[in-house]
Amino acid sequence: MPTERQLQNYAALIVKMGVNIQKDQELLIRSPIECAPFARQIAEAGYAAGAREVTILWDDEKFSKIKYTHSPLEVFESVPDWIAESNNYYARRGAAFVSIAAQDPDLFQLVDSAKLDAATKASFQAFKPFYDILDVNGIAWNVVSVPTAAWAKKVYPDCEAVEAVEKLWQAILKTVRADLDDPVAAWERHHAYLNEKVAYLNERQFARLHFKASNGTDLTLELPEGHVWAGGAERTAHGVAFFPNMPTEEVFCLPHRERVDGTAVASMPLCYQGSLIENFSLTFQNGKVVSYQAAKGEEALKRLLETDEGASMLGEVALVPAGSPISRLRTLFYNTLFDENAACHLALGRAYASCIKGGLQMSKDELKAAGANDSMTHIDFMIGTEDMEITAVSKDGQETILFHQGRWAV
Ligand code: ZN
Ligand code: ZN
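Residues numbered from 1 in each chain as written. Chains lettered and ligands numbered in written order. Predicted model: local features only at pLDDT ≥ 70, side-chain atom pairs only at ≥ 80, totals over all residues. Heavy atoms only, no water.

Concerning the overall build of the protein
A tally of regular secondary structure across the protein gives 13 helices and 20 strands. Over its C-alpha trace the protein gives a radius of gyration of 20 Å, about what one expects of a compact globule, namely 22 Å for 410 residues. Here the protein holds 410 residues, and 55% of them are scored as buried. For the protein, the proportion of contacts with a sequence separation of at least 24, taken over those separated by at least 6, is 74%. Of the side chains in the protein, 39 bear a positive and 55 a negative charge, and the two mean positions are spaced by 2 Å. (Helix = DSSP H or I, 4+ residues; strand = E, 2+ residues; numbered from the N terminus. Rg over C-alpha atoms; globule rule 2.2 N^0.38 Å. Buried < 20%, exposed > 50% of the residue type's maximum accessible area, 1.4 Å probe, protein only. Contact = heavy atoms within 4.5 Å. Lys, Arg positive; Asp, Glu negative; His and termini not counted. Charge placed at Lys NZ, Arg CZ, Asp CG, Glu CD.)

Some remarks on helix H4 (residues 81–92)
Burial in H4 covers these residues: Ala-84, Ser-86, Asn-87, Asn-88, Tyr-90 and Ala-91. Lining the buried residues of H4 we find strand E1 (26–32), strand E2 (53–59), strand E3 (96–100), helix H5 (113–126) and helix H6 (128–135). Within two residues after H4, Gly-94 carries a phi angle of roughly 75°, on the positive side.

Some remarks on the coordination of the zinc ion (ligand 2)
Listed as protein donors to the zinc ion (ligand 2) are Glu-316 (OE), His-378 (NE2), Asp-380 (OD) and Asp-380 (OD); their distances from the metal cover 2.0 to 2.6 Å. Every donor counted, the 4 donor atoms about the zinc ion (ligand 2) form angles of 53 to 141° at the centre, which fits irregular coordination. The sequence pattern describing where the donors of the zinc ion (ligand 2) fall on their chain is E-x61-H-x1-D. A gap of 3.3 Å separates the zinc ion (ligand 2) and the zinc ion (ligand 1), which Glu-316 links by coordinating each metal. Just as His-378 is buried, Asp-380 falls in that class too. (Donors = N, O, S within 2.8 Å, 3.2 Å for Na, K, Ca; no water. Tetrahedral: all angles 85-135°; square planar, octahedral: opposite > 155°, others 65-115°.)

Examining helix H1 (residues 4–18)
Here H1 is 15 residues long and its end C-alpha atoms lie 20 Å apart, about the 21 Å a rise of 1.5 Å per residue gives. In terms of residue burial, H1 counts as a mostly covered element, since 11 of its 15 residues are buried. Looking one or two residues beyond H1, the residue adopting positive phi is Asn-20, at roughly 50°. (Expected span 1.5 Å × (residues − 1).)

Quick look at the sheet that holds strand E7 (residues 230–231)
The strand order across the open sheet formed by 5 strands is E7-E10-E15-E16-E17, and the pairing between neighbours is antiparallel. With one partner strand each, in any of the chains shown, E7 and strand E17 (378–382) form the two edges of the open sheet. Pairing of strand E16 (residues 345–349) with E17, which is carried by 5 bridges, proceeds in the antiparallel orientation. Within the sheet, the bridge partner assigned to Leu-348 lies in E17 and is Ile-379. Those strands touched by helix H9 (residues 183–204) are E7, strand E10 (251–253) and strand E15 (314–319), and its axis lies near 30° from that of E10. (Pairing = 2+ DSSP bridges. Axes fitted to C-alpha atoms, helices over the stretch in contact; angles between N-to-C directions.)

Here we look at the packing of aromatic side chains
Overall, the coordinates contain 17 aromatic pairs when judged by the stated rule. Ring centres of Trp-187 and Phe-243 lie 4.9 Å apart, and the angle between their planes is 75°; on these two criteria the pair is classed as edge-to-face. Residue Trp-187 is located in helix H9, and its partner Phe-243 is located in the loop between strand E9 (241–242) and E10; the two are separated by 56 residues in the primary sequence. Assessed through its relative accessible area of 0%, Trp-187 is described here as buried. Through successive ring pairs, a cluster of aromatic residues spans Phe-97, Phe-124, Phe-130 and Tyr-131. (Phe/Tyr/Trp six-rings, centres within 6.5 Å; stacked < 30°, edge-to-face > 60°.)

What about the pattern of salt bridges?
Tallied over the full model, the rule gives 18 salt bridges. A salt bridge links Glu-258 to Arg-257; the nearest nitrogen and oxygen atoms lie 3.4 Å apart. With relative accessibility at 43%, the residue Glu-258 sits in the partly exposed group. Classification of Arg-257 by relative accessible area gives buried; the value is 7%. A single salt-bridge network, built from bridges that share partners, covers Glu-26, Arg-52 and Arg-93. (Salt bridge = Lys/Arg side-chain N within 4 Å of Asp/Glu carboxyl O.)

Concerning empty space enclosed by the protein
Throughout the structure, instances matching the rule amount to 2 cavities of 30 Å³ or more. As a volume, the largest cavity reaches approximately 60 Å³. In terms of lining, the largest cavity is formed by Pro-269, Leu-270, Cys-271, Leu-332, Tyr-334, Asn-335, Thr-336, Asp-339, Asp-380 and Met-382. The set of elements that each furnish at least two residues to the lining of the largest cavity consists of strand E12 (270–272), helix H12 (336–339) and E17. (1 Å grid on protein atoms, 1.4 Å probe; cavity = no way out; pocket = protein on both sides within 12 Å on 5 of 7 lines; lining within 4 Å. Points joined across faces, edges and corners; volume = space filled by probe spheres on them.)

Here's the deal with the side chain of Gln-41
Within the element layout of this structure, Gln-41 appears in helix H2 (residues 36–48). Setting aside residues up to four positions removed in sequence, Gln-41 forms contacts with Glu-4, Leu-7, Gln-8 and Ala-11.

Quick word on the coordination of the zinc ion (ligand 1)
Metal coordination angles have textbook ideals: 109.5 degrees for a tetrahedral set of four donors and 90 or 180 degrees for an octahedral set of six. Only Glu-250 (OE), Glu-316 (OE), Glu-340 (OE) and His-345 (NE2) from the protein reach the zinc ion (ligand 1) as donors, at distances of 2.0 to 2.3 Å. In this structure, the zinc ion (ligand 1) is coordinated by 4 donor atoms arranged in irregular fashion, with angles at the metal of 80 to 153°. Between consecutive donors of the zinc ion (ligand 1), the numbers of intervening residues give the motif E-x65-E-x23-E-x4-H. By relative accessible area, Glu-316 is classed as buried at 2%.

By themselves, these are just geometric observations and shouldn't be taken as functional.
Spelled out as structure tokens, the structure:
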């Protein structure tokens with residue numbers, strides 16, 4: 001198991017670099033009950049870093065399953081005000097949010113998908129004030145992971161539970177660089193590297209990107225006028241730098257919602273609402289998915305695409321080199337936080353307003369007109385391969401090889 005020192009390093013990293021807690025700020029931690037010991041450690045680190053009050057909200061996914069199994073559909077069509085307030089209240093107060101993402105990927109497999117869809121829609125509505133604040137970087141937030149036995153067993157099915165948890169801990173500590181002597185310094189270096197790529201892409205303002213790989217991916221997407229690449233740290237509206245995700249290896253932007261054409265073939269399975277969607281591809285025309293197929297989980301893919309209008313259009317394009325620390329582990333984590341940082345990816349659904357110049361001040365209609373997609377969902381899927389070639393084309397038609405053999409070429 002991790003040493004006390006490693007755990008302290010990780011907890012300190014989360015509060016200092018992750019949400020960059022400010023003196024006398026409030027800190028809200030959302031944690032699975034299985035991860036209680038580490039959630040308490042984050043709380044300690046939060047106070048040590050200057051927090052005035054730390055609140056932990058526990059999530060019990062095994063109980064959630066009991067509820068999904070026995071409550072009727074209507075129960076999931078609304079969210080009680082006091083639960084909505086659990087996020088909205090703290091967001092309005094400017095608290096920092098830390099979420100521990102450690103779901104058992106299989107738990108909801110047999111749950112009625114209509115109930116899961118209803119719950120997704122209802123919580124999007126109920127937490128809208130929270131999401132609206134998040135959208136304009138009104139608060140610092142950070143998503144991290146800690147192993148649970150069920151999740152670890154899924155990632156390492158050939159190991160006993162204890163061994164699987166141990167292996168997952170080591171993998172997580174490695175990917176978040178908490179296994180190093182000075183993780184904060186390591187993050188500062190990593191941040192500088194991501195910044196360099198972001199600065200290059202923002203300066204070049206490429207008009208379009210073309211992705212090609214031997215598995216069949218052949219996709220062209222246009223980047224809207226005034227697009228902004230981002231990666232690593234973000235800044236709140238109050239100027240506080242924070243890392244939304246730990247680990248993070250991507251630099252990302254948004255494609256123009258109506259200008260994506262060709263086929264994207266997934267290079268890793270996608271875990272959606274407890275179902276695994278495998279060996280799938282999506283074909284786009286004028287930004288919209290016009291056909292799709294999946295060797296497994298096609299029904300779940302259909303549900304995802306039909307969530308709302310924007311769910312069949314793209315809201316994100318992200319570049320991750322094949323040699324990133326996560327991709328080197330060659331492990332499917334069944335957890336977007338890790339899997340999306342293993343390979344280049346796209347996301348169906350909502351775009352980040354911050355990826356358009358001035359987007360944080362734009363209305364929904366203005367964002368749409370600028371090319372940003374909107375949806376209640378945002379689901380990443382991986383397309384990066386070892387042989388991926390990405391060509392960037394400038395406004396005057398000049399081509400630059402951005403990725404060669406799955407890695408940065410610039
Ligand atoms: Zn991403
Ligand atoms: Zn994403």
